[in-house]
Structure formats: C-alpha cells, structure tokens
Protein chains: 2
Amino acid sequence: MKIPKPTDAELEILQVLWEYGANTVRFVNEHLNEKKETGYTTTLKLMQIMHGKEMLSRDDSNRTHIFDAAVKEEDIQKELLDKFLDATFRGSASKLVMHALGNSQTSKEELDQIRQLLDQLEGGK
Amino acid sequence: MKIPKPTDAELEILQVLWEYGANTVRFVNEHLNEKKETGYTTTLKLMQIMHGKEMLSRDDSNRTHIFDAAVKEEDIQKELLDKFLDATFRGSASKLVMHALGNSQTSKEELDQIRQLLDQLEGGK
DNA sequence: TTTGATATACGAAACAATTCGTAGATAAAC
DNA sequence: GTTTATCTACGAATTGTTTCGTATATCAAA
C-alpha cells in the first residue's frame, strides 16, 4: 500500500479526525476555526480532495457525509518525520532529538520512557 | 531580529552553505545537482530572492558573487522544528523523539549524548 | 579584436496548494 | 407549500513556490 503525503492543510484536517474520530465537515471546520479562520467550503473542498486521494473514507449514506481518516497517524508521522529529518537536520536524528528535548517542557514520565527506549536500543549494540 | 522561514528549496541551499561555508552560485548549484537536476539560473534566482530576504549575505565586489548564509543553522532548525512538532505531533516532543530514535540507526556515542541530556533535564525536576 | 564561456538580472511561465463563489439538492421551520 | 438553512459539487481565482528563457555584461582564449 502506498502512503499519500498530506499537505499542511490536509494534515490539520487529519489531526482533527485522529483526535476526535469520524466526523462531519462542519465539525472539522469548526475545530480548524479555533486556530485560524477558514471558510466552510474551503474545508469541504479539501476533504473532498483528500477523499479522492483515499486519505479519508466517507460515509455518504446520509445527506450529511461522515468522514474519517483512512491513513494511520503513526504511518504518516513516520513518513513526514523521515523527510523532515533529512531536509532540516541532514539525517542526524540525535541532533533533532537534542533540539526537541531542549526546547520543550517534557514531563518526567515521558523522559523516563525515552530512557527506557535508549536502554533497549543500546542493549543491542 | 526576525527570523525568516525558508521554503524547501531555500533550505536546501542553506544546507550547502552551512556545510561548506561561503560559496558561489555555481558551487551550490553543482551540489544540488548531486541530488536533483536543477538549472543554474534556477539556483541563481533562488539565491537572489534569499539575499533579498536577508537570508543570505552577498559579496559582489567581484564579478562572481560569493554568498553566505546570514541565518544561524541552529536558529532555523529550532524554528522549523517547533512548527513541525506542532503540526505533526501536536506538540508532543516525546512522541517525536521516540519515533526519531526508533526509525534511524543512531550510534552509541550519540545515544550516550542524549542520555546525558536526559540526566541533566531530569536533574532539575 | 572576435569568439566562446560564464556571470548577473529579471520577467514570466509552470506548478502546486489553498480559498472562495455559486449552483443545485435536500431537509427543516414556518 | 413556501421560505430558510444547510448540505455537496465543482470551477475558477488567488497565492506561493519553483523553474526557466533571454538580455546583457565581463572575462579569457584564440
């Protein structure tokens, strides 16, 4: 199966569906509007395009269609991360990781999780 | 000072200058061509635009101009990372970190560096 | 000093992503 | 049953990015 690469606007829509599950255009549009004014038909058009690309599934058995993400969050994240890592950090994962941890406030629990992963990775070296 | 956000093509040019230092359009173009065929004037135009945006400095005391990055690699990386983190991982740095480390092969030295950073971060909690 | 290679400048084409207006269908409210 | 609100469909405008063709200048080699 081939994974389509979402554009920025498409990704925003996916985020809403990943977070809240299958929903209407109106619901998605209203969520997007919390961050940035967007016309209803703009969101509609985008979701139609995404459906065309098989990025979204659509239940059109009722007048008001229900859309859902047809791609896995993790798959898309992995795909975008690969590209970003390469373009921005020339492939150096450790640099990216250091920046990411340096900038943001990450909880102790999350840091411990990362530490566990390090143990696991380093175990195999 | 305001940091301009480079586009994809602009970032590729910055990467060359960050890696090799101040250089000519031809040099940059030839490096870009290793990855992807690009016309000379395309690269030239882009670098002129970037100069206009004050993303690159230019020494035009000779016929062949010498360009250099006028923005710090770290600053741009931080800026792009923030945006990417938000757009793709809804701000969860730990998720991004786990993905990044999971996907790529990172050396033992790098992993140790990350571990040190963790110690440091966790020390303050 | 003519020819050829190589430089900059820059308008405009080509391409891609996003936004919006409008038409037409359906449902709900009156 | 007529009006009003809400839905989808979709063409087209807008905006942003990238690519390229062409004009013109400069330098070096013949």
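Shown above is the structure to which this text applies.
Fair warning: this is a prediction, and the values are worked out from it, not measured in the lab.

Rules used in this analysis
Throughout this document, residue positions are counted from 1 along each chain, in the order its sequence is written. Labels are handed out in written order, letters beginning with A for the chains and numbers beginning with 1 for the ligands. Predicted model: local features are reported for residues with pLDDT of at least 70 only, side-chain atom pairs are reported and counted for 80 or more only, and whole-chain, interface and lining totals are derived from all residues. For the side-chain quantities, the full set of heavy atoms in the structure was used; hydrogens and water were omitted. Helical segments are the DSSP runs of H or I of at least four residues, strand segments are the runs of E of at least two, and each set is numbered from the N terminus. Two residues form a contact once any of their heavy atoms are found within 4.5 Å. Buried, partly exposed and exposed residues are distinguished by accessible area as a fraction of the type maximum, computed with a 1.4 Å probe on protein chains only: under 20%, between the cut-offs, and over 50%, respectively. What the arc covers is the set of directions going from the helix axis to the C-beta atoms. Nine residue types can take part in a nonpolar core, namely buried Ala, Val, Leu, Ile, Met, Phe, Trp, Tyr and Cys, and a core is a set of them joined through side-chain atoms within 4.5 Å. Here a residue counts as near a molecule or strand whenever at least one of its heavy atoms sits within 4 Å of it. Throughout this description, a polar contact denotes any pair of N or O atoms lying within 3.5 Å of each other; where both atoms belong to protein, one of them has to be capable of donating a hydrogen while the other can accept it, and for residues adjacent in sequence the pair is counted only when both atoms sit in side chains. Two parts placed together each lose some accessible area under a 1.4 Å probe, and adding up what both lose gives the buried area. We define a salt bridge as a side-chain nitrogen of Lys or Arg found within 4 Å of a carboxyl oxygen belonging to Asp or Glu. Overlaid copies result from least-squares superposition on C-alpha atoms, with residues included only where pLDDT is at least 70 in both. Planes of paired rings set the category: under 30 degrees apart is stacked, over 60 is edge-to-face and the rest tilted, where pairs are Phe, Tyr or Trp rings (Trp by its six-membered ring) whose centres lie within 6.5 Å.

Regarding the environment of Pro4(A)
All names here are of chain A. Relative to the assigned elements, proline 4 resides in the segment before helix H1 (8–20). A sequence separation of 110 residues divides proline 4 from isoleucine 114, and the C-alpha atoms of the two residues are 29 Å apart. Setting aside chain neighbours within four positions, we find proline 4 in contact with Lys53, Met55, Val71, Ile76 and Glu79.

Observations regarding helix H2 (residues 25–35) of chain A
All names here are of chain A. Within H2, the full set of buried residues consists of Val25, Val28, Asn29, His31 and Leu32. Mapping the buried residues of H2 onto a view down its axis gives an arc of 160°, with all of them on the same face. In the core, the buried residues of H2 are packed alongside H1, helix H3 (40–52) and strand E2 (66–69).

Observations concerning unusual backbone geometry
In most cases, non-glycine residues show a negative phi, while peptide bonds are predominantly trans. Residue and element names in this part refer to chain A. Residues other than glycine seldom take positive phi values, yet glutamate 54 does so here, at roughly 65°. Inspection of the secondary structure puts glutamate 54 in the loop between H3 and strand E1 (56–59). The class for glutamate 54 is exposed, based on a relative accessible area of 65%.

A few points about the side chain of Thr88(B)
By the element assignment, Thr88(B) lies in helix H4 (residues 73–89). Residues in contact with Thr88(B), not counting those within four places in the same chain, are Leu11(A), Gln15(A), Gln77(A) and Leu80(A).

Brief notes about the nonpolar core
One finds Leu96(A) and Leu96(B) to be the most contacted residues of the largest nonpolar core, which totals 62 residues. Dropping the residues within four chain positions of it, Leu96(B) is found in contact with Leu81(A), Leu96(A), Ala100(A), Leu81(B), Phe84(B), Leu85(B) and Phe89(B).

A few points about the protein's contact with DNA strand D
Among the 19 residues in the neighbourhood of DNA strand D, the closest are listed as Arg26(A), Tyr40(A), Arg63(A), Thr7(B) and Lys36(B). The share of sugar and phosphate among atoms of DNA strand D within 4 Å of the protein is 60%. Side-chain polar atom of Gln48(A) to a phosphate oxygen of DNA strand D: 3.0 Å apart, as the coordinates give it. His65(A) is positioned such that a nitrogen or oxygen atom in its backbone is 3.3 Å from a phosphate oxygen of DNA strand D. At the level of elements, H3 of chain A together with helix H1 (8–20) and helix H3 (40–52) of chain B are the ones that each hand at least two residues to the surface near DNA strand D.

Things to note about the interface of chain A and chain B
On the side of chain B, 47 residues touch chain A, which itself brings 47 residues to the contact. Summed over both partners, the interface of chain A with chain B comes to about 4,600 Å²; 59% of that surface belongs to carbon and sulfur atoms. On the surface where chain A and chain B come into contact, there are 14 salt bridges. Where chain A touches chain B, the interface holds 18 residue pairs in polar contact (both at pLDDT 80 or more).

Notes on the relation of the copies chain A and chain B
If you rotate chain A by 179° and push it 0.0 Å along the axis, it lands on chain B with an RMSD of 0.1 Å. As the rotation angle and translation indicate, the two copies are arranged about a two-fold axis. Within chain A, the C-alpha atom positioned nearest to the axis of rotation is that of Val97(A), 2.8 Å from it. With an isologous cut-off of 70% or more, the 100% of interface residues of chain A that recur at the interface of chain B puts this contact in the isologous class.

Details of the packing of aromatic side chains
Inspection of the entire model under this criterion finds five aromatic pairs over all chains. Measuring from ring centre to ring centre gives 4.1 Å for Phe84(A) and Phe84(B), while their planes differ by 0°; the resulting arrangement is stacked. Of this pair, Phe84(A) sits in helix H4 (residues 73–89) while Phe84(B) sits in helix H4, each in a different chain. According to the relative accessible area criterion, Phe84(A) is buried, its value standing at 10%. With 5.5 Å between their ring centres and 75° between their planes, Tyr20(B) and Phe27(B) make a pair best called edge-to-face. Judged by its relative accessible area of 41%, Tyr20(B) is partly exposed. When its relative accessible area of 25% is taken as the criterion, Phe27(B) is described as partly exposed. Three or more aromatic residues joined by ring pairs make a cluster, and in this case those are Phe84(A), Phe89(A), Phe84(B) and Phe89(B).

Read these as layout, nothing more, since geometry by itself doesn't imply function.
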